[in-house]
Each structure stands twice: as C-alpha cells, then as structure tokens.
Amino acid sequence: MHTSPTAVPAPSWTVGGVTVHRIDEIPLPPATGPWLLPDATPEVVTAQDWLHPHFADQDGILRIDSHSFAFVVNGLRVLVDTGIGNGKERANPAWHNLRTDFLERLTAAGFAPESVDLVILTHLHADHVGWNTRQVDGAWVPTFPNVRYLTSRAEREFWAAYDMEEARAQMFRDSVIPVEQAGLLSTVDVPHEGVEVAPGLRLIPSPGHTPGHVAVELASRGERALISGDCVHHPVQLAHPVIGACVDIDPRQSEATRRQVLGSLADTDTLLLGTHFAPPTAGRVVAHGDAYRLEPVPAS
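Keep in mind the model is a prediction, meaning the values are calculated, not measured.

Trainee: How would you summarise the sheet that holds strand E5 (residues 118-120) if you had to cite specific residues and measurements?
Mentor: Pairing is mixed in the open sheet, where seven strands are placed in the order E1-E2-E3-E4-E5-E8-E9. Each of the sheet's edge strands pairs with one partner strand only, and the pair in question is strand E1 (12-15) and strand E9 (185-188). With direction set aside, neighbouring strand axes in the sheet form an average angle of 25°. Pairing between strand E8 (residues 148-152) and E9: four bridges, direction parallel. If you follow Ser-152 over to E9, its bridge partner there is Val-188. Sheet contacts for helix H5 (residues 153-160): E8 and E9; angle to E8, the most-contacted strand, approximately 80°.

Listed below in structure tokens is the structure:
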C-alpha cells in the first residue's frame, strides 16, 4: 500500500491570465523507466547531461511521476487527466491499491471535486482515468459529480471494439463505465487541426500511444502551454524522439506524432507541461543538433 505526504501547496505556472496547478499523486518507482521506455538505457540517459539531476539520477535511472493539471480558463474549472486513483485493483504493482491524498491536494489547490466543471482525459489508460471514480458503499461512483468528462470519440470507439485483457477490462469497469452510466462522459471528434472545446482550450490530435490520444493546448493573453499526455512520457524523448513506450499501440505513429509535436514547439515560447515529467515538470523545447532538449521552467 502506497501513501503520499500531507498536502502542500500545489506547484503552479502562469500562462497569460491562467494559473496551471500541478496536482501530485505519486512518484513512480525506479523500475518504471526500464519497463516503460526500454530503449532509454542508462548509457543513453547519462549521455544527456542536462537530464540530471531533475529528470534522471546519476546512474541514468529515469524519474517519472503521476500527476494531473488543474486550472481555470475563462471561468471554466478544468482538470486534465485523473491519475491512478485510490483502492483500484491493478496488475501493475506501482498502481495497485493506492492510498494517496490526491483529493486533498486538489482541494487545497482550490479545486474541490464538486467545483470542477470539466475533466479532460487525454486517453483511456489506467494511470489517466483512475480518479474518475471513488468507492462509496462498495460501488464506484463519479468523483466529480458536476462535470462533463471529455475524451476523443476515436479513443472511446477504439477501446469499445478492442478485445481487452482482464486487467484493462477491470479498469474500464471501475473507472470509465461508471461515469458513462451516470451520463457524464462525452466524446468529441478531434480533426487534424484540433478542436476548441472552450474559449482558450483546444484538444490537439496526437495519436500513436493510443489511436485517439490528444494533447491539451491552453491559450491566454497571447501565451500558450501544451499538456503532453503520453505523446511524450519523459524528456529523454526530446533528445531521442525515436524512443517509444512499450505500451504504444502504434509505435511508428507515436514517433511521428512526437516529432511533429516537438518540432512545432521548438524555439517558441509555448510551455510544455509533461504529464509524467518529474519536477520541475515544465519547460520550453529548444532545438539541439538534430533533436531537442528541455529548458526547465520552475514552478512558482
């Protein structure tokens, strides 16, 4: 059973008139990196000295986190991805039966569950949908009772037709289907150019990790940020965009998406907020040789 420390003020970044809060869940164990990104060997990682100390240790072991992002844009109170969740039966031991203070952290940041208006799910993997629900009297009920849960139509339709193994089916039973049955889950078509789901808030197609994966673009007062979801798991992929995740549905498409996203961000003022990036979590993408690196932007 995993626990996390007493809630502390959420790290945040300013994007125009919007404050983006990182809501921490847990740091993932050192074994996560070799499993998730097997081509990011210690030799590959230590060759990128800029990854140390924030994103990897001196031995080349990747630092990877689970967290969500919360913000208010034009009066809409938004949460992007909902982490792993508490008390969930998971095949991955790092995700199994957690007992964290995620909701306390979220509330302390000013986003009590009943106050959230919109939950955006970049994709439907277990570590992105877990806090969709919590257990009440033995039943999984929506954590955010007054929201629209939103994901891409392509994402939901893909998994609806997928022959799921039991572990994934369990995740859908406890974290996706209950919000559907409550009438809270909506899907949206996400065309090539993206789609605005609220003023200043766009979903950007970023397929490969899953077919309907989206990144989330935030714009305010001439400034922009992009929340990566899992199209980029770790900054080592900036140095080596060819490195993919073992759970990518379409590795070739995943790499193409990663190259396109990083190329669009390189040498711009757009802030990249990594959904699994360890602190400092955010930064600006800069071209470096034939690839990229991340210039961290510390939280306030």
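So, next bit.
Trainee: Tell me about the nonpolar core, residues and numbers included.
Mentor: By size, the foremost hydrophobic cluster in this structure holds 59 residues, and its most contacted members are Leu-106 and Val-285. Beyond its immediate stretch of four places on either side in the chain, Val-285 contacts Leu-238, Leu-262, Leu-265, Ala-266, Asp-267, Thr-268, Leu-272, Tyr-292, Arg-293 and Leu-294.

Trainee: So what's going on with the sheet that holds strand E11 (residues 201-205)? Which residues, and what values?
Mentor: Pairing within the open sheet is mixed, and its seven strands lie in the order E10-E11-E12-E13-E14-E15-E16. Among the strands making up the open sheet, the edge pair consists of strand E10 (195-198) and strand E16 (291-296). Here the average twist between neighbouring strands, direction ignored, is 35°. Sitting on the sheet, helix H9 (residues 251-265) is in contact with strand E13 (223-227), strand E14 (271-273), strand E15 (282-288) and E16, with an inclination near 55° to E16.

About the cut-offs
- Residues numbered from 1 in each chain as written.
- Predicted model: local features only at pLDDT ≥ 70, side-chain atom pairs only at ≥ 80, totals over all residues.
- Heavy atoms only, no water.
- Pairing = 2+ DSSP bridges.
- Helix = DSSP H or I, 4+ residues; strand = E, 2+ residues; numbered from the N terminus.
- Axes fitted to C-alpha atoms, helices over the stretch in contact; angles between N-to-C directions.
- Contact = heavy atoms within 4.5 Å.
- Core = buried A, V, L, I, M, F, W, Y, C linked by side-chain atoms within 4.5 Å.
- Buried < 20%, exposed > 50% of the residue type's maximum accessible area, 1.4 Å probe, protein only.

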